[in-house]
Amino acid sequence: MSNVQVAVIMGSKSDFVDVKETLNVLDEFGIAYEVKILSAHRTPDETIAYGRGAYDRGIKCIIAAAGGAAHLAGVLAGCQSLPVIGIPMKSATMDGLDSLLSVVQMPAGVPVATVAVGKAGCKNAAVLAATMIGAFDTKMHAKVVQYKEDMKRKVLESTLD
């Protein structure tokens, strides 16, 4: 079994510009990940097959970034039992509001943890993945605690002069 713990899936190659933020934060936490481009609409069979095999590959959580109709996270949540974090990506049509609504409006019993639209969401998805892993891994929990302490320190050290 591989040491990869998080799957990061993008609906389109164009999402990588922002999703790189997710990978940077996962690297910061020392979390191994794999990255794929799969589409809920253009590659539905491959997306479902990938999702169904994730648990057996040792994946602990799936991060899915998509824009527009943004059904990727929902499809992945619906076809397997791992936690899914959905990142709504900005879109040209509604600046990401359409993506946000698509990711957050899940039917009962098919949860998707949804983060902010765009780059902030990309970072938050990685922090949330680290927090989920940290709930069962004391070393990762300590890294999350330190991450939050570092954020707190940076805010308290900030001045306007």
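Conventions adopted
Residues numbered from 1 in each chain as written. Predicted model: local features only at pLDDT ≥ 70, side-chain atom pairs only at ≥ 80, totals over all residues. Heavy atoms only, no water. Buried < 20%, exposed > 50% of the residue type's maximum accessible area, 1.4 Å probe, protein only. Helix = DSSP H or I, 4+ residues; strand = E, 2+ residues; numbered from the N terminus. Right-handed = clockwise from strand over helix to strand, strands pointing away. Pairing = 2+ DSSP bridges. Phe/Tyr/Trp six-rings, centres within 6.5 Å; stacked < 30°, edge-to-face > 60°. Lys NZ or Arg CZ within 6 Å of the ring centre and 35° of its normal. Expected span 1.5 Å × (residues − 1).

Engineer: Help me out: how do you make sense of the pairing of strand 1 (residues 6-10) in this one?
Structural biologist: Strand 1 sits mainly inside the fold: five of its five residues count as buried. Side-chain alternation along strand 1 places V6, V8 and M10 on one buried face and A7 and I9 on a second face that is also buried. In terms of handedness, the path from strand 1 via helix 1 (residues 16-29) over to strand 2 (residues 33-37) forms a crossover that is right-handed. Relative to strand 3 (residues 61-67), strand 1 runs parallel, the two sharing five bridges. Counted as the bridge partner of V6 is C61 from strand 3.

Engineer: Explanation requested: the packing of aromatic side chains in the structure shown.
Structural biologist: By convention here, two paired aromatic rings are described through the distance between centres and the angle between planes. Applying the stated criterion to the full structure yields one aromatic pair. Each ring, one from F29 and one from Y147, has its centre 5.0 Å from the other, and the planes form 40°; the classification is tilted. Placement of the pair is F29 in helix 1 and Y147 in helix 6 (residues 138-157), with a sequence separation of 118 residues. By relative accessible area, which is 3% here, F29 ends up buried. In this structure Y147 comes out as buried when scored by relative accessible area, which is 18%. Geometry around Y50 places R57 over its ring, the cationic atom sitting 4.4 Å from the centre.

Engineer: Hey, could you run me through helix 5 (residues 119-134) in this one?
Structural biologist: An α-helical turn contains 3.6 residues, so any two residues separated by three or four positions project in the same direction. Compared with an ideal rise of 1.5 Å per residue, which puts 16 residues at 22 Å, helix 5 spans 23 Å between its outermost C-alpha atoms and is within 8% of the ideal. Within the sequence span of helix 5, burial applies to G121, C122, A125, A126, V127, A129, A130, I133 and G134.

Note that every value here comes from positions in space, so none of it alone points to a role or purpose.
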